[in-house]
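# Summary of the model geometry
Take a look at the letters that make up each chain.
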Amino acid sequence: MLNFIQNFRRDEDGAVTVDWVVLTAAIVGLGIAVMTSVGGATADMGDTISSTIGSQGIATY
């Protein structure tokens, strides 16, 4: 039993998993922050492009 406890204490697999979870959460948080700050401008730009393309005439010969 003492050998099992010593091996459990030296095992670092769980610590690596926690590191990956924290890193992934940070990346997702940054992605959400970027989409929040850029999302409105992107929608406005899309509307501008749509109206510009829609107002163009088509030349037929």
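Residues numbered from 1 in each chain as written. Predicted model: local features only at pLDDT ≥ 70, side-chain atom pairs only at ≥ 80, totals over all residues. Heavy atoms only, no water.

### Digging into the overall build of the chain
Assigned secondary structure in the chain consists of two helices and zero strands. For a compact globule of 61 residues, the expected C-alpha radius of gyration is about 10 Å, and the chain comes in at 27 Å, more than 25% above that figure. Each of the three principal axes of the chain carries a C-alpha extent, and together these read 90 × 25 × 10 Å. Looking at the chain as a whole, 0% of its 61 residues qualify as buried. Accessible area of the chain: about 5700 Å², with a carbon and sulfur share of 69%. (Helix = DSSP H or I, 4+ residues; strand = E, 2+ residues; numbered from the N terminus. Rg over C-alpha atoms; globule rule 2.2 N^0.38 Å. Buried < 20%, exposed > 50% of the residue type's maximum accessible area, 1.4 Å probe, protein only. Areas by Shrake-Rupley, 256 points an atom, 1.4 Å probe, with all protein chains shown as cover.)

### Overview of a nonpolar patch on the surface
On the surface, Met-1, Phe-4, Ile-5 and Phe-8 cluster together into a nonpolar patch covering about 540 Å² of accessible area. Here Phe-4 is to be found in helix α1 (residues 2-10). By relative accessible area, Phe-4 is classed as exposed at 56%. (Patch = residues over 30% accessible without salt bridge, like charges linked within 9 Å, V, L, I, M, F, W, Y side chains within 5 Å. Salt bridge = Lys/Arg side-chain N within 4 Å of Asp/Glu carboxyl O.)

Read these as geometric descriptors, not functional statements.
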